[in-house]
Amino acid sequence: ENWYVFPNMALYSPVSYIPQLLGLVVTRLFTNKVLVMAYVGRLMMALFTVIMLTLAIKIMPVKKESVFILGMLPMMFQEGISWSADAFINVIAIFYICYVLDLAFGKDAPYSGSTATDGNAVVTGGTWCDTNGRISTLNLILLWVLSLTIALCKVVYVPLILLMVIISKDRYGGRMKKIINCCGAFIAGCAGRYLIVNVGADVVTGGQNGIRQFFFQ
């Protein structure tokens, strides 16, 4: 057996390869042929790309065609059927942007559903919000998970987490809760990314310094 070392990959989080790894794990139950594993991994990434882009188009509050056009770009096709880490972060970033925009500006999704009377005002809730018009706990958790996932994939995407600030304080349930969620998600993302880089720096060779790269970026 010949083993080849790719030290530059130490700075990439395993999170970036979840769809492909699922295909790899399943395929290994039936065959040990590397070529088959490689193609099944690519198929799993393609399936994941289609699902995430479909969901993104569905929840995008305005200009849905813009997400469709973005998904039809040749580069998206090329990346969407590859083992590249960019394939995963591309669709996750697109879905995150659409998700935050829907939380911030969506009219149908956030407020279509059950109604509750609060004094003289009628407050509605639906897919993303509770009956008081605030983002539900489950969706706040999803927002944090998406933020952390983006940060773990690539450090250049960490500022994208701050897109959460466009969501009004009323959706969070108050100014303080908005500050806690926005700052907390950003700090958690930076900490997670720093941990990945710090661990990767221990195995990176060839004169590369993961910590210095992190702070430079």
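Just so it is clear, the structure is predicted and the values come from calculations on it, not from any experiment.

A. Here's a closer look at the overall build of the protein. Per the secondary structure count, the protein includes 9 helices and 2 strands. Traced from its N-terminal end to its C-terminal end, the protein shows the element sequence α-α-α-α-α-β-β-α-α-α-α. Burial status across the protein gives 39% buried among its 217 residues. Within the protein, contacts between residues separated by at least 24 positions form 63% of all contacts whose residues are at least 6 apart in sequence.

B. Spotlight on the pattern of salt bridges. One pass over the structure, following the stated rule, counts 1 salt bridge. Across the salt bridge formed by Lys154 and Asp86, the nearest N and O atoms sit 2.4 Å from each other. Of the two residues, Lys154 sits in the loop between α6 (137-153) and α7 (169-172) while Asp86 sits in helix α5 (residues 85-105), which places them 68 residues apart along the sequence.

C. Molecular detail of α5. The terminal C-alpha atoms of α5, which comprises 21 residues, lie 30 Å apart, in line with the 30 Å expected from a rise of 1.5 Å per residue. Taken across its 21 residues, α5 has 18 buried, putting it largely inside the fold. Capping of α5 at its N-terminal end is provided by Ser84; its side-chain oxygen lies 3.1 Å from the backbone amide nitrogen of Asp86.

D. Layout of the packing of aromatic side chains. Within this structure, the stated rule accounts for 2 aromatic pairs. The interplanar angle of 10° and the centroid separation of 6.0 Å between the aromatic rings of Phe95 and Tyr99 together place this pair among those described as stacked. Of this pair, Phe95 and Tyr99 both sit in helix α5, 4 residues apart, which is roughly one turn of that helix. Each member of the pair Phe95 and Tyr99 is classed as buried.

E. Quick peek at a nonpolar patch on the surface. Taken together, the side chains of Phe68, Ile69, Leu70, Met72, Leu73 and Phe77 make up a nonpolar region of the molecular surface, amounting to roughly 570 Å² of accessible area. Take the nonpolar patch: its biggest share by element is 3 residues, from helix α3 (residues 64-71). Locating Leu73 in the fold gives a position in the loop between α3 and α4 (74-80). With a relative accessible area of 38%, Leu73 lands in the partly exposed category.

F. Structural context of the side chain of Ser147. In this structure, Ser147 sits in helix α6. A residue is classified by how much of its surface remains accessible, and Ser147, at 0% relative accessible area, is buried. Leave out the neighbours within four places in its chain, and Ser147 touches Tyr96, Ile161, Met164 and Ala185.

G. The arrangement of the nonpolar core in detail. By size, the foremost hydrophobic cluster in this structure holds 40 residues, and its most contacted members are Tyr96, Leu143, Met164, Ile167 and Tyr172. Only α2 (34-59), α5, α6 and α8 (175-201) provide two or more residues apiece to this core. In terms of residue count, α5 provides more of this core than any other element does, 14 residues in total. If we skip the residues at most four places from it in the chain, Tyr172 touches Arg134, Ile135, Leu140, Leu143, Met164, Ile167, Lys177, Lys178, Asn181 and Cys182.

H. Layout of the packing of α2 against α5. Remark: α2 packs on α5, axes separated minimally by 9 Å, with the N-to-C direction vectors making an angle of 15°. Taken together, the axes of α2 and α5 lie roughly parallel to each other. Once α2 is placed against α5, the crossing between them reads as left-handed. Contacts between α2 and α5 involve Met45, Phe48, Thr49, Met52, Leu53, Leu55, Ala56 and Ile59 from the first element and Ala87, Phe88, Val91, Ile92, Ile94, Phe95, Cys98, Tyr99 and Asp102 from the second. Its residues assigned to classes, the contact of α2 with α5 comprises 15 nonpolar, 1 polar and 1 charged.

So, how was this worked out
- Residues numbered from 1 in each chain as written.
- Predicted model: local features only at pLDDT ≥ 70, side-chain atom pairs only at ≥ 80, totals over all residues.
- Heavy atoms only, no water.
- Helix = DSSP H or I, 4+ residues; strand = E, 2+ residues; numbered from the N terminus.
- Buried < 20%, exposed > 50% of the residue type's maximum accessible area, 1.4 Å probe, protein only.
- Contact = heavy atoms within 4.5 Å.
- Salt bridge = Lys/Arg side-chain N within 4 Å of Asp/Glu carboxyl O.
- Expected span 1.5 Å × (residues − 1).
- Polar contact = N/O pair within 3.5 Å; in protein donor to acceptor, adjacent residues only side chain to side chain.
- Phe/Tyr/Trp six-rings, centres within 6.5 Å; stacked < 30°, edge-to-face > 60°.
- Patch = residues over 30% accessible without salt bridge, like charges linked within 9 Å, V, L, I, M, F, W, Y side chains within 5 Å.
- Areas by Shrake-Rupley, 256 points an atom, 1.4 Å probe, with all protein chains shown as cover.
- Core = buried A, V, L, I, M, F, W, Y, C linked by side-chain atoms within 4.5 Å.
- Axes fitted to C-alpha atoms, helices over the stretch in contact; angles between N-to-C directions.
- Parallel < 35°, antiparallel > 145°, perpendicular 65-115°, else oblique.
- Left-handed = near helix turned anticlockwise from the far one by under 90°.
- Nonpolar A, V, L, I, M, F, W, Y, C, P; charged D, E, K, R; others polar.

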